[in-house]
Amino acid sequence: MTDVALMERVVWPRCKSALSTNTRRLAEINKLVEARLKDLSVEQKVAQLIQAELASVEPEDIRRFGLGSILNGGGVSPNANKRASIEDWWNLANEFQTAARESEAGIPIFWGTDAVHGHNNVFSATIFPHNIALGAANDSDLVERLGAATARDVLDTGIDWVFAPTLAVPCDYRWGRTYEGYSQEPEIVARLGSAMLCGLQGDPASTEFFDENHVVATSKHFVGEGSTLDGIDQGDALCSEIDLLNIHALGHIAALKAGAQVVMAAFNSWNNEKVHGSWYLLQEVLKDQMGFDGFVVSDWDGFAQLDGDPETACIRSINAGVDMLMVSSDWRGVYERVLNAARIGEIDDVRLNDAVGRILRVKALRGMLTPNWRLPSTRSKQTLGSNSKRELAREAIRKSLVMLKNSNGLLPLETKKRIVVVGKSARDIAQQCGGWTLTWQGTNNETDDFPDAVSIESGIRGVISAGGGVVSFIDEVDDETDADTAIVVFGEEPYAEGEGDLNHLSFSQDDSLPLAQMKALNARGIPVVALFLTGRPRWINPELNASDAFVVCWLPGTQGGAIADVLFKDSANTVRYDFTGRLAFSWPLDSSLTCIDRDSNQPDSYLPVGYGLTYEEKVSFEQLSETDVSMGTSLRGPSFQGSYNYPNP
């Protein structure tokens, strides 16, 4: 008997969306699905369960096998060309859909993509701030508009399914996916996650749901991924079921109520049992108790982690409740293994028909099973990187910036001054964007990969030049450096998933140059404004001490120039935009506090959720402790018990 089986069970809530009230439409869809199921052979049914990676599948494979879905993972593009045009994407999608129509089953495919901060796999798309920044903005309307804009970009490339939003509640700052979470507060995650989902899919209570302007979204990852021991990606979430429900599932509950039709299983284990193999979580909890009637898709080869024998792994995952298998490369092998298991009864007819029926039901809701369904043609081939999307990105950046310190009211700055911008990060568009941008890790990107982007330095230069001031850029501070104010831009290099896991929080241990530059500027009597690019709270006490003003810019995306809109006064010497961003994660002032303690009231240890200065507030920290005790530590997260009511920022 597993540890999970020994735990006290709780009752999970029934989740009904407005979609479920349209009984007439659902009855018609169920009738259509039943009819299609009867016409499918076992081979055709199994094919619907397979989602093949674009790099390993051709349109002819779809024509021959009738696969149910394809995906493009991070950094995978048509013809392996990172700079593929919108026409390249749409033409390839049309080839795949034509092949699906010409297959024996004739069922259109779903094409899924990780559009997690804009259509981030596509060259020339506007890249929006990552979720951690949107949590700091804490604006549901803004998030919904970002989702709608992303949906339009995705549709214009011929893709109809987005692997977003991520609804994790991070519990350890060291986790490499922290920036994919909106907040440490489940209520914020639930509110903003459901807003993003509605922007992507449309309101389930209206006719816009799944219409030609919206895509299929994904509630991911179910469930508990943010609670893994030591913040290790894909690790073991050791928590009670009541914590799993009240903390880590609130976002999913909100998403199901907002009409989510796809749930992605999480890589992690829950109390030593992999979620991909948990019949209790996927079938009994999600489908039976919560009433989820869409389909469950695995994460990238997540099913393969269940057993060393590939066929056993497939069988265990499907029988546990995974309906579609996301396969990195060996989709033919997975197809044959599942087909063999279905033929010999290791996956019985009831389970096979349930999985296929769920997939067909979502396709029917999308209108894909009607005889006249065709891939929507692009309405405009100039929508990626449009002015409206760039301005939306700028709005999101302005609202997400959090000012932690502003000694003597240094900010906002006047434009008729001598400003020196320090640090290569000020010019690094790839660093502004972070992971999941053109490539999986967001690495190996150059400025030319972002034709419509604006760097932080460019934004500052534009404002200063227009205001009659002088701006210069330097990589390093030397004896010749002189200015009225220095703006030091620094931060984390791009990363994604487990590649970004840390074993400590100290930023200066990873990169000591920015601190050295600040201290050199201090020695020359030049006031310092620090701009920090980061995907999570880090221990930056030394940098806070060495700066006169400190702003957390998160990972703002391609429109980093918007930061200058907030830093500088206008030509009339008045504030353009005040700081409105507030911390959606507590910020550790002690390097040993690697775990997020949402029940803590330690003002000397954390800047709390909701912290963030405006221009009316002038804060100069007393000298913060610069003793770093974090290197080599491995701390367990706090023990969460019961449910909580958290204040909104």
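Our structure's up above, just so we're on the same page.
Residues numbered from 1 in each chain as written. Predicted model: local features only at pLDDT ≥ 70, side-chain atom pairs only at ≥ 80, totals over all residues. Heavy atoms only, no water.

**Student:** Hey, could you run me through a negative patch on the surface in this one?
**Tutor:** Side chains of Asp475, Glu476, Asp478, Asp479 and Glu480 sit close together on the surface and give a patch of like negative charge. In this fold, Asp475 is placed in the loop between strand 14 (470-474) and strand 15 (485-491). By relative accessible area, Asp475 is classed as partly exposed at 47%. (Patch = residues over 30% accessible without salt bridge, like charges linked within 9 Å, V, L, I, M, F, W, Y side chains within 5 Å. Areas by Shrake-Rupley, 256 points an atom, 1.4 Å probe, with all protein chains shown as cover. Salt bridge = Lys/Arg side-chain N within 4 Å of Asp/Glu carboxyl O. Lys, Arg positive; Asp, Glu negative; His and termini not counted. Charge placed at Lys NZ, Arg CZ, Asp CG, Glu CD. Helix = DSSP H or I, 4+ residues; strand = E, 2+ residues; numbered from the N terminus. Buried < 20%, exposed > 50% of the residue type's maximum accessible area, 1.4 Å probe, protein only.)

**Student:** So what exactly am I meant to see when it comes to the side chain of Asn445 here?
**Tutor:** Following the sequence through the fold, Asn445 ends up in the loop between helix 16 (429-433) and helix 17 (456-467). Overall, Asn445 belongs to the buried group, its relative accessible area being 13%. Only 2.9 Å separates the side chain of Asn445 from the side chain of Lys82, close enough to count as a polar contact. Look past the residues within four positions of Asn445 in its chain and what remains in contact with it is Lys82, Ala430, Thr437, Leu438, Thr439 and Phe450. (Polar contact = N/O pair within 3.5 Å; in protein donor to acceptor, adjacent residues only side chain to side chain. Contact = heavy atoms within 4.5 Å.)

**Student:** Can you walk me through the packing of aromatic side chains in this structure?
**Tutor:** For any pair of aromatic rings, the description consists of the separation of the ring centres together with the inter-plane angle of the planes. Within the structure shown, the criterion is met by 18 aromatic pairs. When the centroid spacing of 4.2 Å and the interplanar angle of 15° are considered together, the rings of Phe209 and Phe210 count as stacked. Across the pair, exposure class does not vary: Phe209 and Phe210 are buried alike. Ring geometry for Phe579 versus Tyr615: centroids 5.4 Å apart, planes at 75°, classification edge-to-face. Taken as a pair, Phe579 in the loop between helix 21 (563-567) and strand 18 (587-588) and Tyr615 in the segment after strand 19 (606-607) lie far apart in primary sequence, 36 residues in all. Each of the two residues, Phe579 as well as Tyr615, counts as buried. Among the aromatic residues, those joined into a cluster by ring pairs are Phe490, Phe507, Phe532, Phe550, Trp554 and Trp587. For the cation-ring pair, Arg9 lies above Tyr280, with the distance from its terminal atom to the ring centre recorded as 3.6 Å. (Phe/Tyr/Trp six-rings, centres within 6.5 Å; stacked < 30°, edge-to-face > 60°. Lys NZ or Arg CZ within 6 Å of the ring centre and 35° of its normal.)

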